[in-house]
Amino acid sequence: MLELTCICHILLVSAATLSTDYGDKKLYIVYMGSLPGGSYSPESHHLDILQSVVTDSSEPGRSLYRSYGRSFNGFAAWLTEPEQEKLSKRKEILSVFPSQPLKLHTTRSWDFMGLTESGDVGNLTAQSDMIIGVLDSGIWPESESFSDDGFGPVPKKWKGACKGGANFTCNRKIVGARWYVGQPSARDVVGHGTHTASIAAGNKVRGASFYNLAGGTARGGVPSSRIAVYVACCRAADLLAGFDDAIADGVDVITISIGYTYPVSSLLEDPISIGSFHAMANNIVTVNSAGNSGPYGATIYVLSPWVVSVGASSIDRKFDDKVVLADGTTLTGISVNSFTMGGEPKYPLIYGKKFNSSCNDSMSKLCAESCLDRDFLRGKILMCNDPKIIAYPKDLIGAAGLITSSDNVSYMNQLPGLALSSPAFEQLINYYTNTKKPRATILKSEAVKDDLAPAVAQFSARGPNTLFPEIMKPDVVAPGVNILAAFPPNTPPSGDFSDARRVKYNLMSGTSMACPHAAGAIGYLKSLYPGWSPSALKSALMTTARPLNASLHSDREFAYGSGHIDPVRAADPGLVFDISKKDYMHFLCNAYDNATCHKISGADCRCRRDKTPLTDFNYPALVARTNNGTSRNINVNFTRTVTNVGHPNSTYKAEVTADPNLEILVVPSALSFKNLNEKRSFVVSVSGAFPSDSKMLSSLLVWGDGDHMVRSPIVIYAAE
C-alpha cells in the first residue's frame, strides 16, 4: 500500500492543531546557522529579534512558535509579510521562509539484500549502543517489535528524554520520545512511523504476516539497536525541532521518510538539508526518502550531498491475484488482497455506467467521484481505468469488489480488488462488452517469486539534481515495495476507517519504506566502524551497491543512483570517498559567499574567488551536466581521493566500462597502499560527444584489488 491514505489523515491532524487564529500572520522559519560560541541564550535572543520587528510590541512571546537552540540556531514565528521582510534584512539572519506542509513519502527484504538472520553477527554490544532517531508520525510502543525483553541498560551516551505525552511509556528499546504536533502523545495513530521504525531497528519477531501473506520473521536492520522517536510530521517548523532535539539527544542515525511536494530553490530554505547539515557536523548520518513522484524526472527535492537519498525498489517477492470470469477465463493481476469472495463467479461486473448528466463516458470509466452511485454499486464488482480510485474509499462503500488498470505496484484495498495490466484489462472489457450478464469473482492474493527484482518502483522519484547537477540523486535504492513491518493494532491497514480489519503487521509500499532500510544498513555499518565519518559510511553504501538491469530503466542512474544497497558488501568496501570539513567548506563556498558559509558552518571558510568546481567534490559518483549550447561535445575532468579501509598492503587497478560515445582515461590507473587510512588521488578525464538521439551517457569505473570492487558510476548529461 502506498502511504497515500495516511498522508491525508496526518495533514488533517496537523491542520486542526495549527488552527489558532493569527489573523494575517503566517508561520515562518528563521534560520541563523550554527550556534555561536560562549555564553548564549537562544530563546532570549530570538525574542529580542522578534521585539524589533513585530508591529505590536506586546506580542513577541505570542509570535514565537518554536526556538531552535540545542544543535543549531534559529526559530519559527508567526509573522505578517512586512514583518517577515523586515526580519530577512537583519545581518544575523541567513534565511526566512514559510513553514510549508510536508508529506510522508520485513520478512524478506533484509534476506534479499544478503543480511540474513543467521549472518547478522556483527558487534552485538556496539549494535546495542546504536540509537536510531526516527522523525515520523510516532510509534506504537506496545508492539512486539519494540519490546525491551533481553535488552540491557540504556546507553550511557543517551542525553534525551521520554516526553511521549499521555499514555506513552518508553523502555530500554524505545529510549526516548518527543512530540511537536497533533495529539499530545508520541503514540502513532496512523501507522507510518511504527512501520518505518520497525524496518530500521525492529526486534526479530517470528511468525509475522499479513493474513498469512509474507509470513516469516519480521526484523529491522539492527534489531538490537535502540529507537528514539520524534513526532515531526507534517510541518517544516516541527521537523526542524525534531532535528534540533535528535542531534542534541545523541542519536547515531536519523531516518526521515518525509519530504516536500514542491521543489526548493536554495539549501537555506530546505529544512531537511538544514537539519541534516548540523547532524552531519555532529557525526550523525541522515537518511531521507527520495519521494513518490516518479516516474517523472527531476522530482527529488532534497538535494544536498550530506543526505543519503533513497529510492524504492522491488524484492524477489510479489503478490499476484486472479479474477475468474463466468466463462471460465482467469486473468492474473497484482494486489495485496486478504479477502476471499469464493470461487464461484457470481458477482455482476459494472463499467462505464453514467449515473447523472454531469458524467461523460470517459469520466464514468475512470470512476470519477461524481459518477459513482453507492446504491447501484452495492453487491457488484466495479471496473475502473484509474487505479487512484482507491484513494477515495468512501465512494466504494457497498461495492463487492474493485478491478483497476495499472502496471504499477500492488495496492491494498478496503475491499476485494486487484489491478490488471493494460492487455488483461482490455480482455476484461471485451468480456464485459460481449456478455449479456458479465459476472466474476476475485480470489485472495498469493506470494510468488519476482525474477526481475530488484527493479525501481514506478512511483519512486527520479533525478537529476536540479540544484547541484554534479551531486547524483538518488544515491541508492532499497526495498520499498510490499514491505511487511509493525503496525498499530487499532488502525485499519488500508487507512480507511470503514475497513474493519486490524493487524499487528502490515504491507506498505513507498520510498518511506526504502529509507529505513538504508538507515538500518548505515546503523549496521556504524556499529562495525564507529569512528567512520558520515561521508565514509555513505560511500561504503554507494560503492558496494548492486547494479540494476539498465534495460529496465530508461533513466538509468537517475532512477537507481549507484544501485541497490548490499549491507554485507558495504561492511568491507575496500576504499571510501571521505569528505572532509574542508571539502564541505569548498562546497558551501561554491554556492554562497564567505559570510554565509561562516554562519552556516561556524567555521572560518576563507572562500576564494576561483571556486573549486563541484566536479572535484569528493562524491562517490561522478556526474556532470554539460552546458554547451548547440554543441554536443563533451570534455570533463573529475578529481577524487580515496581512503584505504581494506588491506594494509594492496594495489587497486582501474577498470572502465565506457559508453561507446565516450573516451575515459583514469590517471593513475593503479593505486598502491602500504597502510590503512592511507589516501590516494586520481583524475578521470571524459571526452566524446552526445549522439543525436541521447542526452545522457552512463559509464562505470571500478577499482579492484582481487578482494574488493569499488564501483563509481560516471554520468554525463546535457542541459535541457
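- As its UniProt record puts it under Sequence similarities (unreviewed entry), the chain is described as follows: "Belongs to the peptidase S8 family."

1. Digging into the overall build of the chain
Then comes step 1: For the chain, the helix and strand inventory stands at 18 helices and 35 strands.
Then comes step 2: The C-alpha atoms of the chain give a radius of gyration of 26 Å, which matches the 27 Å a tight globule of 720 residues would have.
Then comes step 3: Counting the 720 residues in the chain, one finds 61% classified as buried.
Then comes step 4: Accessible surface, the chain as shown: approximately 26900 Å² in total, 50% of it carbon and sulfur.

2. Here we look at the side chain of R501
Then comes step 1: Among the structural elements, R501 can be located in the loop between β25 (483-486) and β26 (505-508).
Then comes step 2: Side-chain polar atoms of R501 contact the side chain of S338, separated by 2.7 Å.
Then comes step 3: Here the side chain of R501 touches D499 through a polar contact of 2.9 Å, side chain to side chain.
Then comes step 4: With residues near it in sequence (within four places) discarded, R501 still touches F210, Y211, S338, F339, M412, N413, Q414, T491, P492, P493 and S494.

3. Quick notes on the pattern of salt bridges
Then comes step 1: Taken as a whole and judged by the stated rule, the model has 21 salt bridges.
Then comes step 2: A salt bridge links D245 to R178; the shortest N-O distance between them is 4.0 Å. Of this pair, D245 sits in helix α8 (residues 236-249) while R178 is found in strand β8 (residues 174-179), placing the two residues 67 residues apart along the sequence.
Then comes step 3: With a relative accessible area of 11%, R178 lands in the buried category.
Then comes step 4: Here the salt bridges share partners, and the residues they tie into one network are R70, R178, D245 and D249.

4. Some points on the packing of aromatic side chains
Then comes step 1: This structure, assessed with the given rule, holds 18 aromatic pairs.
Then comes step 2: The ring of Y65 is capped by R66, whose NZ or CZ atom sits 5.4 Å from the centre of that ring.
Then comes step 3: The residue whose ring lies beneath K380 is F376, and the NZ or CZ to ring-centre distance is 4.7 Å.

5. Some thoughts on unusual backbone geometry
Then comes step 1: A cis amide bond links C233 with the next residue in sequence, C234, at an omega value of 5°.
Then comes step 2: Turning to its location among the elements, C234 is positioned in the loop between β11 (226-231) and α8.
Then comes step 3: Cis rather than trans, the peptide bond between G463 and P464 has omega equal to 10°.
Then comes step 4: Within the secondary structure, P464 sits in the loop between β23 (446-449) and β24 (476-479).
Then comes step 5: Even without being glycine, A214 reaches a positive phi, approximately 60°.
Then comes step 6: Residue position: A214 is located in strand β10 (residues 213-218).
Then comes step 7: On the basis of relative accessibility, which here comes to 7%, the residue A214 falls in the buried class.
Then comes step 8: Notably, N677 is not glycine yet its phi reads approximately 65°, a positive angle.
Then comes step 9: Structurally, N677 is set in the loop between β32 (670-673) and β33 (679-689).
Then comes step 10: Relative accessible area serves as the criterion here: at 56%, N677 is assigned to the exposed category.

6. Remarks on the domain arrangement of the chain
Then comes step 1: Domains assigned within the chain are domain 1 (26-98), domain 2 (121-315 + 457-526), domain 3 (317-446) and domain 4 (575-579 + 617-718).
Then comes step 2: Averaged C-alpha coordinates put domain 2 and domain 3 at centres separated by 34 Å.
Then comes step 3: Buried area between domain 2 and domain 3, both sides added, is near 1500 Å², and the carbon and sulfur share of it is 61%.
Then comes step 4: If you sort the residues of domain 2 by the area they bury against domain 3, L213, N482 and R501 come out on top, with a joint share of 34%.
Then comes step 5: Counting every contact that joins domain 2 to domain 3 gives four residue pairs in polar contact (both at pLDDT 80 or more).
Then comes step 6: When residues of the side of domain 2 that touches domain 3 are traced back to their parent elements, those giving at least two are β10 and β26.
Then comes step 7: Taken together, the residues of the side of domain 2 that touches domain 3 break down into 11 nonpolar, six polar and three charged.

7. Brief notes about the environment of S39
Then comes step 1: Within the secondary structure layout, S39 lies in the loop between β1 (26-33) and α2 (42-53).
Then comes step 2: Sequence separation of S39 and V53 is 14 residues, and the distance between their C-alpha atoms is 24 Å.

8. Quick word on the sheet that holds strand β31 (residues 662-667)
Then comes step 1: If you trace the four strands from one edge of the open sheet to the other, you get β27-β29-β33-β31, paired in antiparallel fashion. Strand pairing shows two members of the sheet lacking a second neighbour, β27 (575-576) and β31, which therefore form its edges.
Then comes step 2: Pairing of β31 with β33, which is carried by six bridges, proceeds in the antiparallel orientation. Note on β33: the bridge partner recorded for L665 is S685.

9. Some points on the sheet that holds strand β35 (residues 709-718)
Whenever strands of a sheet pair, they do so through backbone hydrogen bonds, lying parallel or antiparallel.
Then comes step 1: Here five strands make up an open sheet; going across it, the order is β28-β35-β34-β30-β32 and the pairing mixed. Two strands in the sheet have a free side with no partner beyond their single neighbour: β28 (622-626) and β32. Shown here is a sheet whose adjacent strand axes are inclined to one another by a mean of 15°, direction ignored.
Then comes step 2: The sheet contact formed by strand β34 (residues 696-704) and β35 spans nine bridges and is antiparallel. Counterpart to V702 in the pairing with β35 is R711.

10. Observations regarding the pairing of strand β22 (residues 439-442)
Then comes step 1: As defined by bridge partners, strand β16 (residues 317-325) adjoins β22 across three bridges and the pair is classed as antiparallel. Bridging across to β22, L325 finds its partner in A440.
Then comes step 2: When strand β18 (residues 347-350) meets β22, the two strands line up antiparallel, connected through two bridges. Counted as the bridge partner of Y347 is A440 from β22.

11. Side note on helix α4 (residues 81-88)
Then comes step 1: Those residues of α4 not exposed but buried are E83, Q84 and L87. Buried residues along α4 cover an arc of 100° about the axis, so they all sit on one side. Residues of α4 that are exposed and point more than 90 degrees away from the buried face comprise E81 and P82.

12. Observations regarding the packing of helix α13 (residues 511-528) against helix α14 (residues 534-543)
Then comes step 1: Contact pair α13 / α14: the axes reach a minimum separation of 10 Å and the direction vectors enclose 115°. The two elements α13 and α14 meet at a crossing, and its hand is right-handed. Where α13 abuts α14, its residues A518, A521, I522, L525 and K526 lie against L537, K538, A540 and L541.
Then comes step 2: Of the residues belonging to the contact of α13 with α14, the class tally is seven nonpolar, no polar and two charged.

13. Brief notes about the confidence of the model for the chain
Then comes step 1: Chain-level pLDDT for the chain is 90 on average; 91% of the residues reach the 70-or-more range.
Then comes step 2: Across residues 1-20, where pLDDT falls below 50, the model places 50 contacts with residues more than four positions away in sequence or in other chains.

14. Remarks on the environment of A419
Then comes step 1: You can see A419 is positioned in strand β21 (residues 417-420).
Then comes step 2: Since its relative accessible area comes to 4%, A419 is described here as buried.
Then comes step 3: Along the primary structure A419 and K322 are separated by 97 residues, whereas in three dimensions their C-alpha atoms are 9.4 Å apart.
Then comes step 4: Sequence-distant contacts of A419, that is, excluding residues within four places in its chain, are made with G333, I334, T404 and S406.

Rules and cut-offs
Residues numbered from 1 in each chain as written. Predicted model: local features only at pLDDT ≥ 70, side-chain atom pairs only at ≥ 80, totals over all residues. Heavy atoms only, no water. UniProt positions renumbered as here; feature names shortened; annotations may be inferred. Helix = DSSP H or I, 4+ residues; strand = E, 2+ residues; numbered from the N terminus. Rg over C-alpha atoms; globule rule 2.2 N^0.38 Å. Buried < 20%, exposed > 50% of the residue type's maximum accessible area, 1.4 Å probe, protein only. Areas by Shrake-Rupley, 256 points an atom, 1.4 Å probe, with all protein chains shown as cover. Polar contact = N/O pair within 3.5 Å; in protein donor to acceptor, adjacent residues only side chain to side chain. Contact = heavy atoms within 4.5 Å. Salt bridge = Lys/Arg side-chain N within 4 Å of Asp/Glu carboxyl O. Phe/Tyr/Trp six-rings, centres within 6.5 Å; stacked < 30°, edge-to-face > 60°. Lys NZ or Arg CZ within 6 Å of the ring centre and 35° of its normal. Domains from an automatic or database assignment. Buried area = accessible area lost by both parts, 1.4 Å probe. Nonpolar A, V, L, I, M, F, W, Y, C, P; charged D, E, K, R; others polar. Pairing = 2+ DSSP bridges. Axes fitted to C-alpha atoms, helices over the stretch in contact; angles between N-to-C directions. Arc of directions from axis to C-beta. Left-handed = near helix turned anticlockwise from the far one by under 90°. pLDDT = per-residue confidence, 0-100.

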